Amino acid sequence: MTFASLSIPWLQIWLEAGREGQVFTYANCPETPAGIGDLVRVKLQGRPHTGLVVGWLDQLPASLSSKRIQPIQEVWQRAAVDPDWQNLMSSVAAECHTSLFKTLKSALPPGWLGQRNQGPSRPSRPIWLVERSQAALPGQPLTERQQQLLEHLDRHSGPVPLRDLCGEAGFSRAVLKGLEVRGLVQRLQAPPEGRGAGLAPAHWPALTEAQAAAVGALAGAPAGAEFLLWGVTGAGKTEVYLRAAAQALEAGQATLLLTPEIGLIPQLLDRARERFGYRVVEFHSGLSDGARVAVWRRCLEREAVVVVGTRSAIFLPMPRLGLIVLDEEHDSSYKQDSPMPCYHARDVARLRAQQSGARLVLGSATPSLESWLSCQSPQPATRLLRLPERIGSRPLPAVRVIDMRHELADGHRRLISRALMGRLEQLQEKGEQAVVLVPRRGYRAFLSCRSCGEAVLCPHCDVALTVHRSKGGQEWLRCHWCDHRAELGNRCGHCGSTAFKPFGAGTQRVMEQLATELEGLRLLRFDRDTTRGRDGHRRLLDRFAQGEADVLVGTQMLAKGMDLPRVTLAAVLAADGLLHRPDLRSSEQCLQLLLQLAGRAGRGEKPGEVLVQTYSPDHPVIRHLVDGRYELFLAEESQMRRQGGLVPFSRACLLRLSGPSASGTATAAAALAERIRSQVEAAGWLLIGPAPAPVARVAGKSRWQLLLHGPAGQPLPLPTESLLREALPAGVGLAIDPDPLSL
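Worth saying up front: this structure is predicted, and the values here are computed from it rather than measured. (Residues numbered from 1 in each chain as written. Predicted model: local features only at pLDDT ≥ 70, side-chain atom pairs only at ≥ 80, totals over all residues. Heavy atoms only, no water.)

**With respect to the overall build of the protein chain**
Part 1: The secondary structure content of the protein chain amounts to 23 helices and 30 strands.
Part 2: The buried share of the protein chain, reckoned over its 743 residues, is 50%.
Part 3: A fraction of 74% describes how many contacts in the protein chain between residues 6 or more apart in sequence connect residues 24 or more apart.
Part 4: In the form shown here, the protein chain has an accessible surface area of approximately 33,900 Å², with 51% of it arising from carbon and sulfur atoms. (Helix = DSSP H or I, 4+ residues; strand = E, 2+ residues; numbered from the N terminus. Buried < 20%, exposed > 50% of the residue type's maximum accessible area, 1.4 Å probe, protein only. Contact = heavy atoms within 4.5 Å. Areas by Shrake-Rupley, 256 points an atom, 1.4 Å probe, with all protein chains shown as cover.)

Structure (structure tokens):
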């Protein structure tokens, strides 16, 4: 509250009314007056709203002088939006071709702007841990389950969370209580995360020559400088991030450490908390609303903190921001394609760095083509820093390609090749672990009728239903787009035949086959189905790291940034499903994924190996994977796209429309195309479409799209979002996606 706010009688408050929001006049509260930038609670037509104070009035206009002006109810958050942060939001809104109100609502914590009620934040519940006590075993024998629980605790180096013990591990509270009564185990409350000041610099690991050079370059960089930290997998990029964060903290500045997936948060968070203690906080969609609000308010206090978060953390208000890091900067998860604003965290980070003077570090072992190109000009906008070797000069894993055509010719028709089977058989004997990448989750990719060839499709989406199987062997069908579920029928809905056959294999099927053919091999599954809930990724990875399994079978999540020292083998099943996607970036994204997966192997003392099963061993992506020359691939890909005038040597924008009927949505798309065609073509852009989206129906809604293609670096030749929406009939939605990663 400022002195000026005490004398402001009337407030201009931006509320959620219509798509763009609307400004209304309210009376200030004499007891707790609000000022510009505050979020306040008000009533609009009897409904509670949270609004942003954007202006004030000394006196009411004539149109309101005779009306009763409602007072604000309370100040919800003081100084929630300062001018610098609002300028950033305005820039993001302009880049994403959407309204400032929609951008603000998307960036602010849930319930802080709009009609949603934000209940009081509940204090977090204590986390209880269980550990063995020092008491001797009693004379009377233990039950089998009690003995198993003690053995379970013995396999862990420290206390085990109670929720894991009585949840995933399957022990009942009665079994635990019996051991507590005998004094064999004890409960203790976990301390608040991040308590303590962190490790003293004397205990930090020594830097390699390349790491020291990178840290020195960051320390001496001017305000707003941008870097690409290109380090091979296992080269120690995280240590460079932490050293740069330490420099920022010493200068009283905050740091943003971003990672593309929630699954990567635990390892980065643990390392940051070990180093900086209580000054580290996390921010991502897996937190409760109250926890995210608490982090937001802590950032508003101008405290020098280190935030470890995902894409949405880029919007946190950090007035004294000194460093922004995007780890795995090539990852497509940094791009939001719905709902609007359709922003890329890398672009927002660049805007923040320019406005705040923070240094920006883009880190990757497989940089995006765009980031690599920004380092290539004579006066590059981005400075390239290299970490060419792994820590300890450990060798990169050798890549071995298994030609599945030869397997088939030799009569081996199984999903897992003989070479991979033989390598997996040796794991337990050698005390090693493996990760196996499967492109799909579920049991089977789809179910098809052998009589008429029709696949069983989702009734709400134009995609095949995936076969899933429970531990008890019960099977059902599930849509991975809208989550529709159905029982397995015994007749084809198209021709009535009973000749059904499942095709393809998902993570569940691979787990089953490995368990059948390699008896005794301990397996864990790592996909979206097994990592649900808070700390789901952490719990599963901790179990694997502690040696509870020999093989981790999972989807593309496996390839992203995990450090598992005992893993010596990384394998890819059915690589062809990744190689032949009809997309401009398919080769780039496929090679990035395979190289990142290869980087999971050989990070410890033992060398690593990569096995790739494919029917296309001569594909250029496989060739570059084997020789490991990623920069040569980037040069070749750059030349090809330059000759074709393709992104990033041009610019694209998708207009996505969705509606309840295919004909209505198609008609609306055609009408919209005609409305904007002259403006688009006058600017030298090409308008392609309308055409059905690649998946033309999702959750019962028909989807059509328009593609704009034009010169690189040029603004979008489009009317405002509100004018575009005025051209659409009721019930047809619109999303504007500038620079989409997938068409």
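**Re the pairing of strand 24 (residues 551-554)**
Part 1: Side chains Val551 and Val553 of strand 24 all project onto a buried face; the interleaved residues Leu552 and Gly554 project onto the opposite face, where all are buried too.
Part 2: Here strand 17 (residues 433-437) pairs with strand 24 via four bridges, running parallel. Residue Ala434 lies in a different strand from strand 24, and its bridge partner there is Val551.
Part 3: Relative to strand 24, strand 23 (residues 523-526) runs parallel, the two being bridged by four bridges. Considered in strand 24, the bridge of Arg525 is made with Val553. (Pairing = 2+ DSSP bridges.)

**So, helix 8 (residues 237-250)**
Part 1: Look at helix 8: 20 Å from first C-alpha to last across 14 residues, which is about the 20 Å you get at 1.5 Å a residue.
Part 2: Among all positions in helix 8, only Lys237, Thr238, Glu239, Val240, Tyr241, Leu242, Arg243, Ala244, Ala245, Ala246, Ala248 and Leu249 are buried.
Part 3: Downstream of helix 8 by a residue or two, Gly252 has a phi angle that is positive, lying close to 75 degrees. (Expected span 1.5 Å × (residues − 1).)

**What about the packing of helix 7 (residues 209-219) against helix 8?**
Part 1: Closest axis-to-axis distance for the helix 7/helix 8 pair is 10 Å, and the angle between their directions is 35 degrees. Handedness of the helix 7/helix 8 crossing: right-handed. Counting all contacts with helix 7, which are made through Gln211, Ala214, Val215, Leu218 and Ala219, the residues of helix 8 involved are Glu239, Val240, Arg243, Ala244 and Gln247.
Part 2: Broken down by class, the residue content of the contact of helix 7 with helix 8 amounts to six nonpolar, two polar and two charged. (Axes fitted to C-alpha atoms, helices over the stretch in contact; angles between N-to-C directions. Left-handed = near helix turned anticlockwise from the far one by under 90°. Nonpolar A, V, L, I, M, F, W, Y, C, P; charged D, E, K, R; others polar.)

**A look at helix 20 (residues 620-627)**
Part 1: Every buried residue belonging to helix 20 is among Val621, Ile622, His624 and Leu625, and all of these are buried. Considered in projection along helix 20, the buried side chains sweep an arc of 165 degrees and stay on one side of the axis.
Part 2: The secondary structure elements touched by the buried residues of helix 20 are strand 16 (398-403), helix 18 (576-579), helix 19 (586-598), strand 26 (609-614) and helix 21 (630-644).
Part 3: With its phi angle positive at about 70 degrees, Gly628 sits one or two positions after the end of helix 20. (Arc of directions from axis to C-beta.)

**Concerning the sheet that holds strand 29 (residues 701-711)**
By definition, the strands of a sheet pair up through backbone hydrogen bonds, in either a parallel or an antiparallel sense.
Part 1: If you trace the four strands from one edge of the open sheet to the other, you get 28-29-27-30, paired in antiparallel fashion. Single-partner strands in this sheet number two, and they are strand 28 (686-698) and strand 30 (733-738). Across the sheet, the mean angle from the axis of one strand to that of its neighbour is 20 degrees, orientation sign disregarded.
Part 2: In terms of strand pairing, strand 27 (residues 650-659) meets strand 30 through six bridges, oriented antiparallel. Paired with Cys653 across the strands is Pro738, a residue of strand 30.
Part 3: Seen against the sheet, helix 22 (residues 662-682) touches strand 27, strand 28, strand 29 and strand 30 and runs at an angle of roughly 15 degrees to strand 29.

**A word on the packing of aromatic side chains**
Part 1: Counted by the stated rule, this structure contains seven aromatic pairs.
Part 2: Measuring from ring centre to ring centre gives 6.3 Å for Trp112 and Trp296, while their planes differ by 75 degrees; the resulting arrangement is edge-to-face. Remark: Trp296 occurs in helix 10 (residues 289-300) and Trp112 occurs in the loop between helix 3 (100-107) and strand 6 (128-132); sequence separation between them is 184 residues.
Part 3: A residue is classified by how much of its surface remains accessible, and Trp296, at 0% relative accessible area, is buried.
Part 4: Ring centres 6.4 Å apart and planes at 50 degrees place the aromatic pair Phe283 and Trp296 in the tilted group. Of this pair, Phe283 sits in strand 11 (residues 280-283) while Trp296 sits in helix 10, and the two are 13 residues apart along the sequence. Neither Phe283 nor Trp296 differs from the other in exposure class; each is buried. (Phe/Tyr/Trp six-rings, centres within 6.5 Å; stacked < 30°, edge-to-face > 60°.)

**Side note on the pattern of salt bridges**
Part 1: Per the counting criterion, the structure on display carries 33 salt bridges.
Part 2: Linking Arg641 and Glu588 is a salt bridge whose minimum nitrogen-to-oxygen distance equals 2.8 Å. In this pair, Arg641 is assigned in helix 21 and Glu588 in helix 19, connecting sequence segments 53 residues apart.
Part 3: The buried category is assigned to Arg641, whose relative accessible area is 0%.
Part 4: Three or more residues joined by partner-sharing salt bridges are found here, namely Glu239, Arg243, Arg271 and Arg275. (Salt bridge = Lys/Arg side-chain N within 4 Å of Asp/Glu carboxyl O.)

**As for the environment of Val463**
Part 1: Residue placement: Val463 occurs in the loop between strand 18 (446-449) and strand 19 (466-469).
Part 2: On a C-alpha basis, the gap between Val463 and Trp481 in space is 8.1 Å, while along the polypeptide they are 18 residues apart.
Part 3: Beyond its immediate chain neighbours, meaning those up to four positions away, Val463 contacts Leu457, Cys458, Cys479, Trp481 and Val695.

**Here's the deal with the environment of Glu407**
Part 1: Residue placement: Glu407 occurs in helix 13 (residues 404-409).
Part 2: Sequence separation between Glu407 and Ala419 is 12 residues; the distance between their C-alpha atoms is 9.8 Å.
Part 3: Among residues more than four places away in sequence, those in contact with Glu407 are Ile402, His412, Ser417 and Arg418.
Part 4: Polar side-chain contacts of Glu407 include one of 3.2 Å to the side chain of Arg418. (Polar contact = N/O pair within 3.5 Å; in protein donor to acceptor, adjacent residues only side chain to side chain.)

**Digging into the packing of helix 2 (residues 83-95) against helix 3**
Part 1: Relative orientation of the contacting elements helix 2 and helix 3 amounts to 115 degrees, with a least axis distance of 9 Å. Where helix 2 crosses over helix 3, the two elements pack in a sense that is right-handed. Contacts between helix 2 and helix 3 involve Trp85, Gln86, Met89, Ser90, Val92 and Ala93 on the former and, on the latter, Leu100, Thr103, Leu104 and Ala107.
Part 2: Residue classes in the contact of helix 2 with helix 3 are distributed as seven nonpolar, three polar and no charged.

**Looking at the side chain of His344**
Part 1: Mapping His344 onto the fold places it in the loop between strand 13 (321-327) and helix 11 (345-356).
Part 2: Owing to a relative accessible area of 7%, His344 belongs among the buried residues under this scheme.
Part 3: Contact partners of His344, with chain neighbours within four places excluded, come to Tyr334, Lys335 and Leu741.

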